[in-house]
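Take a look at the letters that make up each chain.
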Amino acid sequence: MTTAEQLLDAPLGRHGDAPAPQRAQRAPVAATRAADTVLLRPAAPTGLWATGLLAAAAWFALGLLTLLWPNKSVGFSDWAFTDEFGIATLVVAAVLLAIGLLGSRAGKVTQTLRPAGQWLVALAVVFAVWEAATAKLGVLPSPFFAPPQSLIDVVNEDWQRLGLSTAYSLRLLANGFVLGALVGFVTGVLIGWSRIAGYWVHPLLRFLGPVPASALLPLAFFFAPSSYVAAVFLVALATFFPVAVLTWSGVASVNKSYYDVARTLGASERFLVLRVAIPAALPQVFVGLFMGLGASFSVLITAEMMGVKAGLGWYLQWAQGWAAYANMYAALFVMAALCSGLITLLFKVRDRVLSWQKGTVKW
């Protein structure tokens, strides 16, 4: 009997399995596939967040540095709220330690903090260097440089004036930014759509636009009926130029085939502007809004320092005049947080308005 016949006549295993020689030949292949499956299978999560544990260690070291290392007194009493600052850092360390040990089991908390893990470590290091250079070693001379706990003292003693100044700055920024954005948007659409408007407005925009708004402070305060109106005008002017230029660029760069298709379907000129040109130009409009927000914020502070009787710029000048440098640093932190928060809010608005263009906007 030939080998082929022997294989055909070989008894089958249970449930109709292949003959024994065939099973022997398939065994190495099955073993190889099983090994490959084991190698390709992702490792089970450990449940720990390593970066969070490192951040907890950094904040714990900061707390020990603050509490155990005595402050260096330079000609005046000790810095207030040193113990409170040290305890607060230890609380942050304990929270980060708990989240790091829980890891993925902490759910949304870990998902929210995980992208900022390295920044949490860096922030603790920055605070430690700041604390050591000011309160502990006195390398940075006082009162020109104050330690982190001085910010707590400012909030405790002067929160009403600082909060009122923040509210006045927000009101001034909102009025000027909205006014400048609206006028800039309408101007950009007119220039990008109408050749006549482009002929007359474009040269003026190129001539006057690059002039810094702060350079017009004397004229604004001379012609405006009040210092507040002058400040609103300057903030609006700083917002107007980038919004107008980028809106004009967005409208002018719309693909002409969109207009041809809409005209073929019977679209009017108004429809072409409102439903074709403006939606297609919105990504660049938002770029102009971001640029205008940064420019308007800088002009806002300058205008408040020159003539407005309230606001963060006025608070900075007041703190400098009284040599209250801790108050000045607190105002700077409030400015940074305010500007960052407004930019984040504008990002949220952009994502909501441009949700129909999701995947095409990369910034």
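Residues numbered from 1 in each chain as written. Predicted model: local features only at pLDDT ≥ 70, side-chain atom pairs only at ≥ 80, totals over all residues. Heavy atoms only, no water.

**What about the nonpolar core?**
Keep this limit in mind: For the purposes of this section, nonpolar cores are sets of buried Ala, Val, Leu, Ile, Met, Phe, Trp, Tyr and Cys residues that join through side-chain atoms within 4.5 Å. Working definition: with a 1.4 Å probe on protein chains only, accessible area under 20% of the residue-type maximum means buried, over 50% means exposed, and in between means partly exposed. Secondary structure elements follow DSSP: runs of H or I of four or more residues count as helices, runs of E of two or more count as strands, with numbering from the N terminus. Contacts: residue pairs with any heavy atoms within 4.5 Å of one another.
Formed by 76 residues in total, the largest nonpolar core has its most connected members in W59, L289, F297, L300 and I301. At 17 residues, the largest contribution of residues to this core is made by helix α12 (residues 269-306). Residues contacting W59, with those up to four places away along its chain left out, are T89, V92, A93, L96, L120, L123, A124 and F127.

**Comments concerning the packing of helix α3 (residues 50-68) against helix α4 (residues 82-102)**
Under the convention used in this document: What counts as an axis is a line fitted to C-alpha atoms, over the stretch in contact for a helix, and the angles between N-to-C directions run from 0 to 180 degrees. Orientation categories follow fixed angle ranges, with anything under 35 degrees roughly parallel, anything over 145 roughly antiparallel, 65 to 115 roughly perpendicular, and all other angles oblique. Two helices that cross are described as forming a left-handed crossing if the nearer one is turned anticlockwise from the farther one by less than a right angle, and a right-handed crossing if clockwise. Throughout, the ten residues Ala, Val, Leu, Ile, Met, Phe, Trp, Tyr, Cys and Pro are labelled nonpolar, Asp, Glu, Lys and Arg are labelled charged, and all others, Gly among them, are labelled polar.
Across the interface, α3 lies against α4 with an axial gap of 8 Å and an inter-helix angle of 165°. Comparing the axis directions of α3 and α4 gives the class roughly antiparallel. For α3 against α4, the interelement crossing comes out left-handed. Its residues placed into classes, the contact of α3 with α4 shows 16 nonpolar, seven polar and one charged.

**Topic: a nonpolar patch on the surface**
Filter applied, for reference: Nonpolar side chains (Val, Leu, Ile, Met, Phe, Trp, Tyr) within 5 Å and like charges within 9 Å form the patches, drawn only from residues with over 30% relative accessible area and no salt bridge. Shrake-Rupley sampling with a 1.4 Å probe provides the accessible areas, and residues are treated as covered by the protein chains on show and by no other component. For this analysis, a salt bridge means a side-chain nitrogen from Lys or Arg found within 4 Å of a carboxyl oxygen belonging to Asp or Glu.
On the surface, F60, L64, L67, L68, I87, V91 and V95 cluster together into a nonpolar patch covering about 630 Å² of accessible area. Of all elements in the fold, only α3 and α4 reach the threshold of two or more residues within the nonpolar patch. No other element matches the four residues that α3 contributes to the nonpolar patch. Relative accessible area serves as the criterion here: at 32%, L67 is assigned to the partly exposed category.

**Section: the environment of F297**
Relative to the helices and strands, F297 is located in helix α12. Apart from residues no more than four positions distant in its own chain, F297 is found in contact with L173, M335, L338 and C339.

**Focus on the pattern of salt bridges**
Per the counting criterion, the structure on display carries four salt bridges. A salt bridge links R350 to D351; the shortest N-O distance between them is 2.4 Å. Given the relative accessible area of 8%, R350 is considered buried.

**Here's the deal with the packing of aromatic side chains**
Using the following cut-off: Stacked, tilted and edge-to-face are the three classes applied to pairs of Phe, Tyr and Trp rings, where Trp contributes its six-membered ring and a pair requires centres within 6.5 Å; stacked means planes under 30 degrees apart, edge-to-face means over 60, and tilted covers the rest.
Across all of its chains, the model carries 10 aromatic pairs by this definition. Taken together, a centroid distance of 5.4 Å and an interplanar angle of 75° make the contact between W193 and Y259 edge-to-face. In this pair, W193 is assigned in helix α7 (residues 149-193) and Y259 in helix α11 (residues 256-264), connecting sequence segments 66 residues apart. Relative to W318, the ring of Y315 lies with its centre 5.4 Å away and its plane at 45°, an arrangement referred to as tilted. Here the residue Y315 and the residue W318 both occupy positions in helix α13 (residues 312-321), the gap between them amounting to three residues, near one helical turn. Its relative accessible area of 0% is what places Y315 among the buried residues. With a relative accessible area of 23%, W318 lands in the partly exposed category. Aromatic rings pair up to connect W59, F85, F127, W130 and F333 into one cluster.

**Points about the side chain of T247**
Put simply, the rule reads: Polar contact is the term for a pair of N or O atoms within 3.5 Å; when the atoms are in protein, one must be able to donate a hydrogen and the other to accept it, and sequence-neighboring residues count only if both atoms are side-chain atoms.
Its place among the elements puts T247 in helix α10 (residues 227-252). T247 gets classed as buried once you look at its relative accessible area, which sits at 1%. A polar atom in the side chain of T247 sits 2.6 Å from the backbone oxygen of V243. Excluding residues within four positions of it along the chain, T247 makes contact with F185, G188, V189, A281 and V285.

**A word on unusual backbone geometry**
Of note in this structure, F81 is not a glycine but carries a positive phi near 65°. Locating F81 in the fold gives a position in the loop between α3 and α4. Residue classification places F81 among the partly exposed positions, given a relative accessible area of 22%. Phi is positive for A323, close to 60°, though the residue is something other than glycine. One can find A323 in the loop between α13 and α14 (325-353).

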